[in-house]
Structure formats: structure tokens, C-alpha cells
Amino acid sequence: MKKLKVIMMSTRFSAVAVLLAWLACSAAQGEDATAILRQVDAFRNPLESFVLDVQLTSFRNDSSETSGFRVYGQGSDKSLVEFRSPASEQGRYLLMLRDAMWMYMPNTSRPIRISPLQRLMGEASNGDVARTNYTIDYTAQLAGEELVENRATYILELKAKDPDISYSRVKLWVSKKDYEPVKAEFYVISGKLMKRAFFQDFELMSGRRVVSKIEIQDVIRPGRRTVMAYSNLQAKKLPEKMFTKNYLGKW
């Protein structure tokens, strides 16, 4: 009987040890994934307060269309998009505070609440241009490794912290060598894959190495793609009133 009790206790201790080891491994993986994601965000959102020019070119078979925007960002959750071109779009502004978004147009008396998922142009949604921080919106886990175009990458599974986030899940491939983002897949809450993004070019801007070109491909409508080109990144102190609804169109 004593022998049986010893065996049972030993089995329990072994099971507990295995569980603790698994939990420790999972925690370590979570920490590693979060650290990697912070490195990725440094390529996409390197400054605390900044101004950045964005050009969107949407391709449809043999035709293309281009629009220009200026993005003002502050911290990790405030951004203002100014429509610059074509001339017919001037005077419009897009304000994003955390996950809430408003559009201001010159012919309206007040800003209109809109969805970050709504298309801004082509395959680029409002949130694609106005929102630039994964670490704030998602929890990350390492999901494996893969060779992508001869680059060794980590695969991160990102799950939205809030149900109101534009994409409930993102699958992100990150270079093992320098933590540059390589490509991403975006899924809505139903689990449906909506689009893929390819981080194509990186440049030095304002002393930082940052993403300078991203191509977004529509999975639902193959053949449609939009290229987002970034330029003129500058550190700039911005007034708080720029990021308030009542001030849109008044500065």
C-alpha cells in the first residue's frame, strides 16, 4: 500500500512538473513574441510625434489611380489624416483616436463616425493609413518559422485585444535576422481572410530605418492591389487640439 502511495505521489509530482514546464515555456514564448512585435512596430511607427506623407496607388487591371495624404501622429493611438490630392479631395480629414474614427468633409457641419475597415482607396482601409501600432491592439504568440523568398522568418499569430479592432486576427511573418516585417494576412471576426500585405521596401528617414512601401492585395477580388508609399517622415511636436473632433477642419 505504501508503495502504491509513493507511486501515485510520484506520478502527481511528475504531472505538476510537466505542467509547470509547459506554462514556463508558454510564458517565455509570449514574451519573445511580444518583444519581436515591438521591433516590428519600430519599423512602422518609429517616432512619438511625427508628420509623414503617404501616397496610395490603386491598380485595377490596366488602370491605376493615385491619391496623396499627410499623416500626423502622436503617441500610439492618435492620428490625423489630411487629404492632399487630388484637388477634389482637399479639405477632408480623417481622425482616429484608439479605435474610434471620424471623417470631416468641408460640406458637413460636423464630423461623421465611420469604420476603420471602410475602404479609403483601393485595398487600403481607413485603418491601414491612420493606424500603425500592432503592439497596442494585439497579443502575440510565436506560431512557427518559415522560409519566405529565401528569408528565414518567425510566424506570429496576433489576436485582437478588443472586438472593435478592424481585424480580429493577423498572421505576421517577421525576418529572423533584423525583425523587419515581411508579409501579413488579415482576418475578420468570422475567420475569413480579407487581404495580404507585403512589406516591400525600407529606407532611412529622420535617422530611422522604416517601411517605405507596402503592397496590399485583395484576397476576395484577386488582381486588385494597392501600393502604399511613405516619404518625408519628420519628428514634430503637435498640439493636442489637432486630435479633437471639434477642431477638425479649423486649423
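Here, every reference points to the structure presented above.
Computed from a predicted structure; not experimentally measured. Numbers given to residues run from 1 along each chain, matching the order in which its sequence is written. Two thresholds apply to this predicted model, a pLDDT of at least 70 for residue-level local features and 80 or more for giving and counting side-chain atom pairs, whereas whole-chain, interface and lining totals are computed over all residues. Side-chain metrics in this entry use all non-hydrogen atoms of the structure; hydrogen atoms and water are not considered.

Asks: Got a sec to walk through the overall build of the protein? Specific residues and values, please.
Replies: Secondary structure counts use DSSP, requiring at least four H or I residues in a row for a helix and at least two E residues in a row for a strand, with both numbered from the N terminus. Scanning the protein for helices and strands turns up 3 helices and 15 strands. Summary of the burial criterion: residues with accessible area below 20% of their type's maximum are buried, those above 50% are exposed, and those between are partly exposed, where the area comes from a 1.4 Å probe applied to protein chains only. Residues counted as buried form 44% of the 251 residues belonging to the protein. Considering only contacts within the protein whose residues lie at least 6 apart along the sequence, 46% involve residues at least 24 apart. Split by element, the accessible area of the protein, about 13800 Å² in all, is 52% carbon and sulfur. Contact criterion: two residues are considered in contact whenever any of their non-hydrogen atoms come within 4.5 Å of each other. Exposure was quantified through the Shrake-Rupley algorithm and a 1.4 Å probe, taking into account, for residues, occlusion by the shown protein chains and nothing else.

Asks: Which residues make up the nonpolar core, and what values do they have?
Replies: Only buried residues count toward a nonpolar core, which is a set of Ala, Val, Leu, Ile, Met, Phe, Trp, Tyr and Cys residues joined through side-chain atoms within 4.5 Å. With 49 residues, the main nonpolar core has Leu-56, Tyr-134, Leu-156, Leu-158, Leu-172, Phe-199 and Tyr-230 as its most contacted residues. Core analysis: the next-biggest nonpolar cluster, separate from the first, contains 12 residues, Ala-100, Tyr-104, Met-242 and Phe-243 among them.

Asks: Explain the packing of aromatic side chains to me, and be specific about the residues and the numbers.
Replies: Put simply, two rings from Phe, Tyr or Trp (the six-membered ring, in Trp's case) pair if the centres are within 6.5 Å, and we call them stacked under 30 degrees between planes, edge-to-face over 60, tilted for the rest. For the structure shown, the criterion picks out 5 aromatic pairs. When the centroid spacing of 5.1 Å and the interplanar angle of 75° are considered together, the rings of Phe-69 and Phe-83 count as edge-to-face. Note that Phe-69 is positioned in strand β2 (residues 63-74) and Phe-83 in strand β3 (residues 78-85), a separation of 14 residues in sequence. As far as the burial class goes, Phe-69 and Phe-83 line up, both buried. Aromatic pair Tyr-93 and Tyr-104: ring centres 6.5 Å apart, planes at 40°, arrangement tilted. Here the residue Tyr-93 occupies a position in strand β4 (residues 93-97), and Tyr-104 occupies one in strand β5 (residues 100-104), the gap between them amounting to 11 residues. Note on Tyr-93: relative accessible area 9%, which makes it buried.

Asks: Please give an account of the environment of Glu-203 that cites residues and values.
Replies: Note on placement: Glu-203 falls in strand β13 (residues 193-205). When the C-alpha atoms of Glu-203 and Tyr-230 are compared, they prove to be 9.4 Å apart, with 27 residues separating the residues in sequence. Those residues in contact with Glu-203, other than ones at most four positions away along the chain, are Arg-208, Arg-209, Val-210 and Ser-212.

Asks: Residues and numbers for the pairing of strand β1 (residues 49-60), please.
Replies: In terms of burial, β1 is largely enclosed, as 9 of its 12 residues are buried. Note: two strands are recorded as paired if DSSP finds a minimum of 2 bridges between them. Here β1 pairs with β2 via 12 bridges, running antiparallel. Across the sheet, the residue bridging to Leu-56 is Ser-67, located in β2. Two successive antiparallel strands, β1 and β2, enclose a turn made up of 2 residues, where Asn-61 displays a positive phi of approximately 55°. Of the strand pairs in this sheet, β1 and strand β15 (residues 224-235) are connected by 10 bridges, and their pairing is antiparallel. Of the residues in β15, the one forming a bridge with Val-54 is Tyr-230.

Asks: Which residues make up the pattern of salt bridges, and what values do they have?
Replies: Whenever Lys or Arg places a side-chain nitrogen within 4 Å of a carboxyl oxygen from Asp or Glu, that contact is recorded as a salt bridge. Counted by the stated rule, this structure contains 14 salt bridges. For Lys-176, the salt bridge is made with Glu-145, and the minimal N-O distance between the two is 2.9 Å. Placement of Lys-176 in the loop between β11 (169-175) and β12 (181-187) and of Glu-145 in strand β9 (residues 138-148) is noted, with a sequence separation of 31 residues between them. Of the residues examined, Lys-176 reaches a relative accessible area of 31% and is grouped as partly exposed.

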